[in-house]
Amino acid sequence: GLSHNEKWGRAWHSPEPKREYDVVIVGAGGHGLATAYYLAKIHGIRNIAVVEKGWLGGGNTARNTTIVRSNYLWDESAQLYEKAMQLWEGLSRDLNYNVMFSQRGVMNLAHTLQEVRDTQRRINANLYNGVDGEWLSREQIRQQVPLINLDSRYPVLGASFQRRGGVARHDAVAWGFARAADQLGVDIIQNCPVTHIRKKDGAIEGVDTGKGFIRAKKVAVVAAGHSSVIADMAGIRLPLESHPLQALVSEPVKPAINTVIMSNAVHAYISQSDKGDLVIGAGIDQYTGYGQRGSFQSIEHTLQAIVEMFPSLSRVRMNRQWGGIVDICPDACPIISKTAIKGLYFNCGWGTGGFKATPGSGWVFAHTIANDEPHPLNAPFSIDRFYTGHLIDEHGAAAVAH
Ligand code: FAD
Ligand code: PYC
């Protein structure tokens, strides 16, 4: 059916690596591609390679459940995620690529009195930070989500609702950033694993890859679940644990759920994609590892929770299940930072929640690399916080159990 479109041009090139770049970015996920795009667009650095061991957007970018929100508790994170939210609101236009950002709202259910207090506190904190949020009563939840059973084993007492939150098309985010970066002269080099990081006299020299040595003035690592593997190549230890996080989708069904519903207490969340699949996930698998599958136990627990909240979905068939590897920091916040090695930067630790940050993460990381100094928005997320003790505990707002 598409054969008459055979002459469509490629959205990006597939160049061989040059011998040297100003900046080599390791990892062509959403964050790496966004970093390249903003470095080229805002900071005028065009001699950039994004080096990817597999195919672009094949990591967590393609595996996540696309929830976008900015309702984090502490000032530092609320401001960082809100920057990302503002970029999302103009992203399709900026990239000239429809990333299908749909602000259908994100609801976080409260099932206990303590959750009610924590949730209301977070809404108030959000409002002080200019982040939208409101408290929904049981009746308001029922009106928005008629399918929900509010009186299951853990009755629902209310919920927070961020109306500007929602979902986006994850692949389109990677493809949109890739095409826009490519058009600005960035080389995206796929099937090219980084195998070693070379340094000399405390400064970066370049990276060894499956396609040979690439010299670089600066190397910026954005490798999500494999960040600590790459840090090890540079002789650095990062405070990260890599865990599988699973998701699954059902067969497509008629429109039934028009928002995103998350419950930390029973451990499951659900939304419905534009093509009708129910998109479902829960907390991390508790063991560490790099297998992109996950255990049966977590997925069964997730579906039990979904059926408790939505009994009418009990006969819906599931189509696909998968896992991604998420890199989790002790405070459930990212590291966006320079390192002790001159010219080496890391952007990692987004754990279960980095998709929503994709444009903001790229934006602040590009600033950090170009200026060799963090932007005020990401200064609190420097690696130094693990020495100073100024951690930013966002386990509560992570909304996915760690
Ligand atoms: P990735 O897409 O994983 O990019 C990293 C890239 O680095 C990969 O392409 C990888 O191949 C490459 N790489 C690794 N090692 C090397 C090497 N040696 N050489 C070269 N390249 C290398 N977040 C949300 O905000 N909302 C959600 O709803 C949400 N749901 C999730 C559900 C699941 C099941 C999972 C797994 C994650 C979810 N997340 C969510 C988290 C989110 O997906 C991640 O935090 C975010 O995508 C990470 O950034 P990234 O997209 O750049 O990572
Ligand atoms: O961070 O909102 C989130 C999220 C939802 C599912 C996985 N992460």
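What this report covers is the structure whose coordinates are included nearby. (Residues numbered from 1 in each chain as written. Chains lettered and ligands numbered in written order. Predicted model: local features only at pLDDT ≥ 70, side-chain atom pairs only at ≥ 80, totals over all residues. Heavy atoms only, no water.)

**Things to note about the side chain of Thr66**
By the secondary structure assignment, Thr66 is in the loop between α2 (60-63) and β3 (67-68). A polar contact is formed between the side chain of Thr66 and the backbone oxygen of Ala168, at a distance of 3.3 Å. Setting aside residues no more than four positions away along its own chain, Thr66 makes contact with Gly166, Val167, Ala168, His170 and Phe355. (Helix = DSSP H or I, 4+ residues; strand = E, 2+ residues; numbered from the N terminus. Polar contact = N/O pair within 3.5 Å; in protein donor to acceptor, adjacent residues only side chain to side chain. Contact = heavy atoms within 4.5 Å.)

**Here's the deal with the site of ligand 1**
Around ligand 1, the structure places 36 residues, and the nearest of them are Glu52, Asn60, Thr61, Thr65 and Lys356. Contact distances for ligand 1 include 3.2 Å between an oxygen atom and a backbone N or O atom of Gly351. At 2.8 Å, a backbone N or O of Lys356 approaches an oxygen atom of ligand 1. For ligand 1, whose free accessible area comes to 1000 Å², the fraction covered by protein is 95%. Those elements that provide at least two residues to the shell around ligand 1 are α1 (30-43), α2, β12 (241-250) and β16 (318-328). In terms of residue class, the shell around ligand 1 is made up of 15 nonpolar, 17 polar and four charged. (Near = heavy atom within 4 Å. Areas by Shrake-Rupley, 256 points an atom, 1.4 Å probe, with all protein chains shown as cover. Nonpolar A, V, L, I, M, F, W, Y, C, P; charged D, E, K, R; others polar.)

**With respect to the packing of aromatic side chains**
For the structure on display, the rule yields seven aromatic pairs. Considering the side-chain rings of Tyr38 and Phe177, the 5.8 Å spacing of their centres and the 65° angle between planes classify their relative orientation as edge-to-face. Taken as a pair, Tyr38 in helix α1 and Phe177 in helix α6 (residues 170-183) lie far apart in primary sequence, 139 residues in all. In terms of burial, Tyr38 and Phe177 fall into one category: buried. A ring pair is formed by Tyr72 and Tyr81, whose centres lie 3.9 Å apart and whose planes are at 5°; its orientation type is stacked. With relative accessibility at 3%, the residue Tyr81 sits in the buried group. By way of ring pairs, the aromatic residues Tyr37, Tyr38 and Phe177 are connected into one cluster. One Lys or Arg, Lys83, reaches over the ring of Trp363 and ends 3.8 Å from the middle of that ring. (Phe/Tyr/Trp six-rings, centres within 6.5 Å; stacked < 30°, edge-to-face > 60°. Buried < 20%, exposed > 50% of the residue type's maximum accessible area, 1.4 Å probe, protein only. Lys NZ or Arg CZ within 6 Å of the ring centre and 35° of its normal.)

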